Amino acid sequence: MASFKTSTGDVSFQLQNTESNPNINADGQNSGNKREDSVYEESANIEQDEQISGSKYVYEEPAITQRSGGQKEDKEPQANNWPVKCFMAMMIALVIAVVVLATLVVVLLFLTVFLSNETKKINAQHTDANRRNDVNSNRITENLARLADGLTNISIKIDSVAGELANVSSRIERVEVNLKEITWGQEIVLQRRKQFDILFNRTFGEYEAGFGDFSGAGDVWLGLNRMHRLTQKGRWNLRVSMRSFSNNTLFWGEWSDFTIQPAPFYNISFGTMVAKSENMYNTSGTGSGLDWHNGMAFTTTDRDQDEHIGNCAARFGEGGGWWYRSCSNVYLNGKLVTSEAPLNQHMRYIDGGSSEWILLSSSEMRMIRVG
């Protein structure tokens, strides 16, 4: 078999030559020395520069395969298998799609579980926060209610104090008028204790402003500020009258050059004794009687200005203010004498001669103008 290729097409034809090989018969079998698996392959590309009907011929020898039994056959082209390839491609794409879809399902399930757990956590946190907010809100409400009650009580107390201050103001105005009318020889009550209808355990501010019955005959404290202002105008003596608790005996003494120094200490100052009752005890020596308090600052429970290591008003005075040293020989703002009260808290006067404590049932301090 031989074939020629031309520029216009392929031409194949078969050539048989029995004369050139005496060993091959007409049927193509080996009649002489028979050879097994003999294949004649000739590959020649013959290009002939001849023009056969205006065409160029190329010679190609086809591939020859040997059949079983020694026959040769032409190799035929394989059949086109594109449907199988398409089917396989579709199956691979389907498998990939299934894998991707399964992966997406797993991811979605994971996200669903994760979001569910996070949602539960957030809800639990919100629940706890709301519970705490409710507790705090209840506490705030209770505190506001208490504060409102406290403000109401404070308002009531302020109204009460305002009323008392109005009364005190009216009394002060009357006292100021009386002070303007004072002439030589007139007297002003600084302190009076006889009815015991008011308490003398007061603050420093109250002792500074004054309290009690300014216009009547009741217990009174004129006020440190007024004492200072009065003693800056003219010359004054200080008279102290006392009544013994044991025998109801009245005795008194008078000291010259009485003054009260300005705030904040309001120190008391006086000179020598210029007059006294016949039964007045000896008070001429320093450290006895009223002389022991000369020059001292005024002390209350909330203003400690004495020379004692503690607060004399709080420790021995039952809250009463006085010109303590460390602490007192004369104490006219103490408690009324009773069997229950300690001895050192009573109104008292110490005898300079015998150092005997004389308990008092009443007292009065006056300033007398002498110039």
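Rules of the game
Residues numbered from 1 in each chain as written. Predicted model: local features only at pLDDT ≥ 70, side-chain atom pairs only at ≥ 80, totals over all residues. Heavy atoms only, no water. Helix = DSSP H or I, 4+ residues; strand = E, 2+ residues; numbered from the N terminus. Buried < 20%, exposed > 50% of the residue type's maximum accessible area, 1.4 Å probe, protein only. Contact = heavy atoms within 4.5 Å. Areas by Shrake-Rupley, 256 points an atom, 1.4 Å probe, with all protein chains shown as cover. Core = buried A, V, L, I, M, F, W, Y, C linked by side-chain atoms within 4.5 Å. Phe/Tyr/Trp six-rings, centres within 6.5 Å; stacked < 30°, edge-to-face > 60°. Lys NZ or Arg CZ within 6 Å of the ring centre and 35° of its normal. Pairing = 2+ DSSP bridges. pLDDT = per-residue confidence, 0-100. Salt bridge = Lys/Arg side-chain N within 4 Å of Asp/Glu carboxyl O.

On a plain count of helices and strands, the protein comes out with four helices and 17 strands. Residues counted as buried form 29% of the 371 residues belonging to the protein. Contacts spanning at least 24 positions in sequence make up 52% of the contacts within the protein whose residues lie at least 6 apart. For the protein, the exposed surface amounts to about 23800 Å²; the carbon and sulfur share of it is 53%.

Of all hydrophobic cores here, the largest spans 45 residues; its most connected members are Trp 221, Trp 322 and Trp 323. Residues in contact with Trp 323, not counting those within four places in the same chain, are Trp 221, Leu 224, Met 227, Ile 260, Tyr 266, Asn 267, Ile 268, His 293, Met 296, Ala 297, Phe 298 and Met 365.

Here we take up the side chain of His 293. Relative to the helices and strands, His 293 is located in the loop between β14 (273-276) and α4 (312-315). The buried category is assigned to His 293, whose relative accessible area is 1%. If we skip the residues at most four places from it in the chain, His 293 touches Ile 268, Trp 322, Trp 323, Tyr 324, Arg 325, Cys 327, Ser 328, Asn 329 and Val 330.

For the coordinates displayed, the defined rule picks out 13 aromatic pairs. Here the aromatic rings of Phe 110 and Phe 114 are separated by 6.4 Å at their centres, their planes lie at 15 degrees, and the arrangement is stacked. Of the two residues, Phe 110 and Phe 114 both sit in helix α1 (residues 82-180), four residues apart, roughly one turn of that helix. For the pair Phe 298 and Trp 323, a centre-to-centre distance of 5.1 Å together with 80 degrees between the ring planes defines the contact as edge-to-face. Here Phe 298 is found in the loop between β14 and α4, whereas its partner Trp 323 is found in the loop between α4 and β15 (330-331), with 25 residues between them in sequence. Of the two residues examined, Phe 298 and Trp 323, each falls in the buried class. Taken together, Phe 200, Tyr 207, Phe 211, Trp 221, Phe 298, Trp 322 and Trp 323 form an aromatic cluster joined through their ring pairs. The ring centre of Phe 200 lies 4.2 Å from the NZ or CZ of Arg 193, which sits over that ring.

Turning our eyes to something else, we now look at the pairing of strand β11 (residues 250-255). Direction of pairing for strand β10 (residues 236-244) relative to β11: antiparallel, over a ladder of six bridges. Residue pairing in the sheet places Arg 239 in a bridge with Glu 254 of β11. Where β10 folds back onto β11 in an antiparallel hairpin, the turn is made up of five residues, including Asn 248, whose phi is positive at roughly 60 degrees.

Moving on, we come to the confidence of the model for the protein. Of the residues in the protein, 67% reach a pLDDT of 70 or more, and the chain-wide mean stands at 75. Mean pLDDT values for the elements of the protein range from 42 in strand β3 (residues 46-47) up to 97 in strand β12 (residues 259-260). A low-confidence stretch, residues 1-75 (pLDDT under 50), is modelled with 87 contacts involving residues beyond four sequence positions or located in other chains. Across residues 283-287 the pLDDT falls below 50, and counting only partners more than four positions away or on other chains, this stretch makes eleven contacts in the model.

Scanning the entire structure with this criterion turns up eight salt bridges. Here Lys 121 and Glu 118 are joined by a salt bridge, their closest N and O atoms 3.9 Å apart. Of the two residues, Lys 121 and Glu 118 both sit in helix α1, three residues apart, roughly one turn of that helix. One salt bridge connects Glu 206 with Arg 202, and the closest N-O pair in it is separated by 3.3 Å. For Glu 206, a relative accessible area of 31% translates into the label partly exposed. We classify Arg 202 as partly exposed; its relative accessible area is 21%. Salt bridges linked by common partners bring Glu 187, Arg 192, Glu 364 and Arg 366 together as one network.

Turning to the pairing of strand β17 (residues 357-369), a few remarks are in order. Burial analysis of β17 places ten of its 13 residues in the buried class, the great majority of the element. Pairing geometry for strand β7 (residues 187-193) and β17, over six bridges, is antiparallel. Each residue of the ladder has a partner; that of Val 189, found in β17, is Arg 366. Note that β10 and β17 share nine bridges and pair antiparallel. Pairing of Asn 237 across the sheet is with Ile 368, part of β17. In terms of strand pairing, strand β16 (residues 348-350) meets β17 through three bridges, oriented antiparallel. Looking at the pairing, Ile 350 lines up with Trp 357 of β17.

Turning our eyes to something else, we now look at unusual backbone geometry. Glycine aside, negative phi is the norm for most residues, and most peptide bonds take the trans geometry. Between Ala 263 and the following residue, Pro 264, the backbone shows a cis peptide bond with an omega angle of 10 degrees. Examined against the element boundaries, Pro 264 turns out to sit in the loop between β12 and β13 (268-269). A cis amide bond links Ser 326 to the next residue, Cys 327, at an omega of 15 degrees. Along the polypeptide, Cys 327 turns up in the loop between α4 and β15. The residue Phe 196 is not glycine, and still its phi comes out positive at about 55 degrees.

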